[in-house]
Amino acid sequence: MIPTPSDSLLAELEDIYKDLHANPELSMQEQRTAGVAGAWLERCGYEVTAGIGRTGVVGVLRNGDGATVLLRADMDALPVTEATGLAYASHATGVDRFGAKGGVAHACGHDMHVAWLMGAARLLAENKDAWRGTVIALFQPGEETGEGAHAMIADGLVQRLPRPDIVFGQHVVPAPAGVIGWRAGTVMAASDSWEVTLFGRGAHGSMPQKSIDPVVMAAATVMRLQGVVSREVAMSDAAVVSVGALQAGSTENVIPDHALLRLNVRSFNAEVRARVLAAIRRIVAAEAAASGAPKPPDITVLGEHPLTRNDAAATDKVRQAFERQFGQDRVQQVEPSSASEDFGLLGAAWGVPSVFWFVGGTDPDRFTAAMAAGTVDELPVNHAPDFAPVIHPTMNAGITAMLTAAGAWFGMETSGS
Ligand code: ZN
Ligand code: ZN
């Protein structure tokens, strides 16, 4: 049988979750969180390696012959000032990778992911009679910036760990708490993040004829970029181009000499991705030329997330186990998400299949009321300052989902089988 978290374990994990929530750490700075996870794994009897890819921490528990299953949780928080009003809300500040100081919050729910994996790791250690094989509990840094999986792989992850047969990951999302969302094949978009610097010529604000105004250049560029998806991507395809940062100048009577855009692209296939990225390059260069820029724009790649693709056969096996464990009502097929992950790099590093699924974290009553009122799109979504899952039943659902998926490889029976 799949082990069930006891009330006392759930209470312990609730305290840990609240502590992690109140003490979030930005990408690649997750020392404290990694310390909490690593100490827990050691107490559970795992062989622990810390500091893989800076702050990554991995525990291995060998329990006889059988499959090797890798369970992954990401640990990082976001440069967001929390506005949930929760008693355990974050008041932390930090310096992000651009050198900007500001609020830090677990606005994507990775603190819940850490608590889920801690719970699953403990229950596997406490119930070794119920399964056979090897479990790898992997706590990954830097998912949000696309750095963490790369960093762990570059630091010898593949050589340092047993080769898994399967890699699993999960994410909390704004769906009714406790509901599991699955999909075979492409489940999440590829993401490309760029920083574009546009060059102009600074001058007195009263003498625009002496300037090449990068503010106007940037504004025209942002507006023109809105046409990429609407005019250059087919109706049957999908893509997103969002300019998330637009910075130029600091006062009203000085025309600055440069402007900066940070933009993000999401796509579901390689052809659309190539087409959109080429269009952005073309437009950025052409708008600069149209303004008479003294030199072409600089484009720096800030990060890339690959497509997240779930192995079809493995997803089917996981889905069947979920349906037996949770009942069909709680297990739903979802559309591909425009969100992105670097999770796929882990399975790819070994050339083994992987499966990623979603766990709802929104208060079910609140969700039902929003459905009735037609306001589901107004519910807090990942990365919003007011996003935070309800702890129960989200906690139990994520732990049980991990154990159920692992159990399908470890020969553990679900409650319905
Ligand atoms: Zn996120
Ligand atoms: Zn996330």
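Throughout this document, residue positions are counted from 1 along each chain, in the order its sequence is written. Written order determines the labels here, with chains lettered from A and ligands numbered from 1. This being a predicted model, a pLDDT of at least 70 is required before a residue's local features are given, and a value of 80 or more before pairs of side-chain atoms are given or counted; all residues contribute to the totals for chains, interfaces and linings. For side-chain calculations, the full set of non-hydrogen atoms in the structure is used, while hydrogens and water are omitted.

Re the packing of helix H1 (residues 7–22) against helix H3 (residues 110–126)
Just so we agree on the cut-off: To obtain each axis, a line is fitted to C-alpha atoms, and for helices this fit is confined to the stretch in contact; angles are then taken between N-to-C directions over 0 to 180 degrees. To qualify as a helix, a DSSP run of H or I must reach at least 4 residues; to qualify as a strand, a run of E must reach at least 2; elements of each kind are numbered from the N terminus. Small angles under 35 degrees read as roughly parallel and large ones over 145 as roughly antiparallel, with 65 to 115 read as roughly perpendicular and the rest as oblique. Left-handed describes a crossing whose near helix is turned anticlockwise from the far helix through less than a right angle; right-handed describes the clockwise counterpart. By definition, residues are in contact when any of their heavy atoms lie within 4.5 Å.
One can describe the packing of H1 onto H3 by two numbers: an axis separation of 9 Å at closest approach and a directional angle of 150°. Between H1 and H3, the angle is such that the two are roughly antiparallel. When you trace H1 past H3, the crossing you get is right-handed. For the pair formed by H1 and H3, the contact residues are Leu 9, Glu 12, Leu 13, Ile 16, Tyr 17, Leu 20 and His 21 on the first element and Asp 111, Met 112, Val 114, Ala 115, Met 118, Gly 119, Arg 122 and Leu 123 on the second.

Quick word on the coordination of the zinc ion (ligand 1)
Geometrically, a metal with four donors at the corners of a regular tetrahedron has ideal angles of 109.5 degrees, and one with six donors at the corners of a regular octahedron has ideal angles of 90 or 180 degrees. Note the following rule: In this listing, donors mean N, O and S atoms no farther than 2.8 Å from the metal, or 3.2 Å for Na, K and Ca; water is missing from the atoms, so a site can look incomplete. Under this scheme a four-donor centre is tetrahedral when all angles range from 85 to 135 degrees, a four-donor centre is square planar and a six-donor centre octahedral when opposite donors are above 155 degrees with the rest from 65 to 115, and any other centre is irregular.
Every protein donor of the zinc ion (ligand 1) is accounted for by Cys 108 (SG), Glu 144 (OE), Glu 144 (OE) and His 383 (NE2), and the metal-donor separations fall at 2.0 to 2.6 Å. Coordination at the zinc ion (ligand 1) comes from four donor atoms whose angles at the metal span 54 to 152°, giving a geometry best classed as irregular. Separating the zinc ion (ligand 1) and the zinc ion (ligand 2) is a distance of 3.0 Å, and Cys 108 donates to both of them. Taken together, the residues Glu 144 in the loop between strand S6 (133–140) and helix H4 (148–154) and His 383 in the loop between helix H10 (364–373) and helix H11 (394–410) connect sequence positions 239 residues apart.

So, the sheet that holds strand S10 (residues 190–199)
Applied cut-off: Criterion used throughout: strands pair if DSSP finds at least two bridges between them.
Taken together, four strands build an open sheet; the order of strands is S12-S14-S10-S15 and the sheet is antiparallel. Each having just a single partner strand, strand S12 (239–248) and strand S15 (298–305) make up the two edges of the open sheet. Geometrically, the sheet is characterised by an average inter-axis angle of 15° between neighbouring strands, direction not taken into account. Sheet topology places S12 next to strand S14 (residues 258–267); nine bridges connect them, and they run antiparallel.

Description of the packing of aromatic side chains
Defined as follows: In summary, the pairing rule links any two rings of Phe, Tyr or Trp, Trp by its six-membered ring, whose centres are within 6.5 Å, and it sorts them by plane angle into stacked for under 30 degrees, edge-to-face for over 60 and tilted for everything else. Only protein chains enter the accessibility calculation, which uses a 1.4 Å probe; a residue is then buried when its area is under 20% of its type maximum, exposed when over 50%, and partly exposed in between. By definition here, charges over rings are those cases where NZ of Lys or CZ of Arg is within 6 Å of the ring centre and within 35 degrees of the ring normal.
Applying the stated criterion across every chain, the model contains eight aromatic pairs. Relative to Trp 357, the ring of Phe 322 has its centre 5.1 Å away and its plane inclined at 75°; by these criteria the two rings are edge-to-face. In this pair, Phe 322 sits in helix H8 (residues 312–326) while Trp 357 sits in strand S18 (residues 354–362), placing the two residues 35 residues apart along the sequence. Neither Phe 322 nor Trp 357 differs from the other in exposure class; each is buried. Measuring from ring centre to ring centre gives 5.9 Å for Phe 356 and Phe 358, while their planes differ by 80°; the resulting arrangement is edge-to-face. Judged on exposure class, the residue Phe 356 and its partner Phe 358 are both buried. Connected via pairs of aromatic rings, a cluster forms that spans Phe 168, Phe 322, Phe 326, Trp 357 and Trp 409. Sitting over the face of the ring of Phe 199, Lys 295 holds its NZ or CZ atom 4.2 Å from the ring centroid. Across from the ring centre of Trp 182, 5.5 Å away, lies the NZ or CZ of Arg 319, which sits over that ring.

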